[in-house]
Amino acid sequence: MRIDPTEYARLRSWFGHMVPKVFPLDLLTPDTHPVAVLDRMAVKTPAKARSGLGMAIGDVVEFTSDWPASDVTACNHELSQSGLPTLSEVRARFSKLVQRVVRRGHIKSDDEFYALRNAAEQQGADSVSLWPLLEAYEARTQTSDRFRETGRLT
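Quick look at the structure, then. Since the model is a prediction, treat every value here as computed from it, not as a measurement. Residue indices follow the written sequence of each chain, beginning from 1 at its first position. Local features in a predicted model are, by the rule used here, given only for residues with pLDDT of at least 70; side-chain atom pairs are given and counted only at 80 or more, and totals for whole chains, interfaces and linings are based on all residues. The basis for every side-chain value is the complete set of heavy atoms in the structure, and neither hydrogens nor water enter the calculation.

One side-chain nitrogen of Lys or Arg within 4 Å of one carboxyl oxygen of Asp or Glu is enough to make a salt bridge. Per the stated rule, a full pass over the model turns up four salt bridges. The salt bridge partner of Arg-104 is Glu-112, with a shortest N-O separation of 2.8 Å. A 1.4 Å probe rolled over the protein chains alone gives each residue an accessible area, and that area as a share of the maximum for its type sets the label: buried under 20%, exposed over 50%, partly exposed in between. According to the relative accessible area criterion, Arg-104 is partly exposed, its value standing at 27%.

Spelled out as structure tokens, the structure:
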């Protein structure tokens, strides 16, 4: 999920609201809390923080994929009351990204790769069309990495 600089703060707040709902609280410390990690990253490299937030949101979408409708409705209400996008809205955006990549027929970026991988893992048997796209991107990336290391294709 690509995060525009103008929407970073709002989606960071959304993620901060969702963290305690999907991560065990006993694993969260001031140093390891995902929002604190993003904040430290944002100081040095805002683009990487946006990319990391997009991946983290994809993980939240995956973690909440089996929530019952009543939990999604309650969460949507809480988020809406806080002036944040609902879980359903974020899920729809994530789904649109996946659909756009499938229509295009290839993955353009790491952000798209991770969104498709999360979708493929969520969907199980329904994800047959996603795995070839993921494998092709990985192969392209590995070839590109080898070229950078050696200066030639191997």
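That was the structure; now back to the text.
What follows deals with the packing of helix α3 (residues 46-63) against helix α5 (residues 87-104). Angles run from 0 to 180 degrees between N-to-C directions of axes, and those axes are lines fitted to C-alpha atoms, restricted for helices to the stretch in contact. Think of it this way: any DSSP run of H or I at least four residues long counts as a helix, any run of E at least two long counts as a strand, and we number them from the N terminus. Close contact between α3 and α5 brings their axes to 10 Å; oriented N to C, the two are set at 110 degrees. Judged by the inter-axis angle, α3 sits roughly perpendicular to α5. Handedness of the crossing formed by α3 with α5: left-handed. Across the interface between the two elements, Ile-57, Gly-58 and Val-61 of α3 pack against Val-90, Arg-91 and Phe-94 of α5. Note on residue classes: Ala, Val, Leu, Ile, Met, Phe, Trp, Tyr, Cys and Pro are nonpolar, Asp, Glu, Lys and Arg are charged, and everything else, Gly too, is polar. For the contact of α3 with α5, the per-class residue count stands at four nonpolar, one polar and one charged. What sets the label is the angle itself: under 35 degrees gives roughly parallel, over 145 gives roughly antiparallel, 65 to 115 gives roughly perpendicular, and the rest give oblique. Each helix crossing is assigned a hand: it is left-handed if the near helix lies turned anticlockwise from the far helix by less than a right angle, otherwise right-handed if that turn is clockwise. Any two residues whose heavy atoms approach within 4.5 Å at even a single point are treated as in contact.

In this section: the environment of Ser-129. By the element assignment, Ser-129 lies in the loop between α6 (110-123) and α7 (130-150). Sequence-wise, Ser-129 and Gly-105 are 24 residues apart; in three dimensions their C-alpha atoms are separated by 9.8 Å.

To estimate how far a helix should extend, the number of its residues minus one is multiplied by 1.5 Å. For α5, spanning 18 residues, the distance from its first C-alpha to its last is 26 Å, which sits close to the expected 26 Å at 1.5 Å a residue. When α5 is considered as a whole, its buried residues turn out to be Leu-87, Val-90, Phe-94, Leu-97, Val-98 and Val-101. For α5, the angular spread of buried residues about the axis comes to 95 degrees, placing them on one side. Those residues of α5 that are exposed and angled more than 90 degrees off the buried face are Lys-96 and Arg-103. What the arc measures is the spread of directions leading from the helix axis to the C-beta atoms.

Take Leu-87: it is sitting in helix α5. Separated by 13 residues in the primary sequence, Leu-87 and Ala-74 have C-alpha atoms spaced 9.9 Å apart. Those residues in contact with Leu-87, other than ones at most four positions away along the chain, are Trp-14, Met-18, Thr-64, Trp-67, Val-72, Cys-75, Asn-76 and Leu-79.

None of this, on its own, says anything about what the molecule does.
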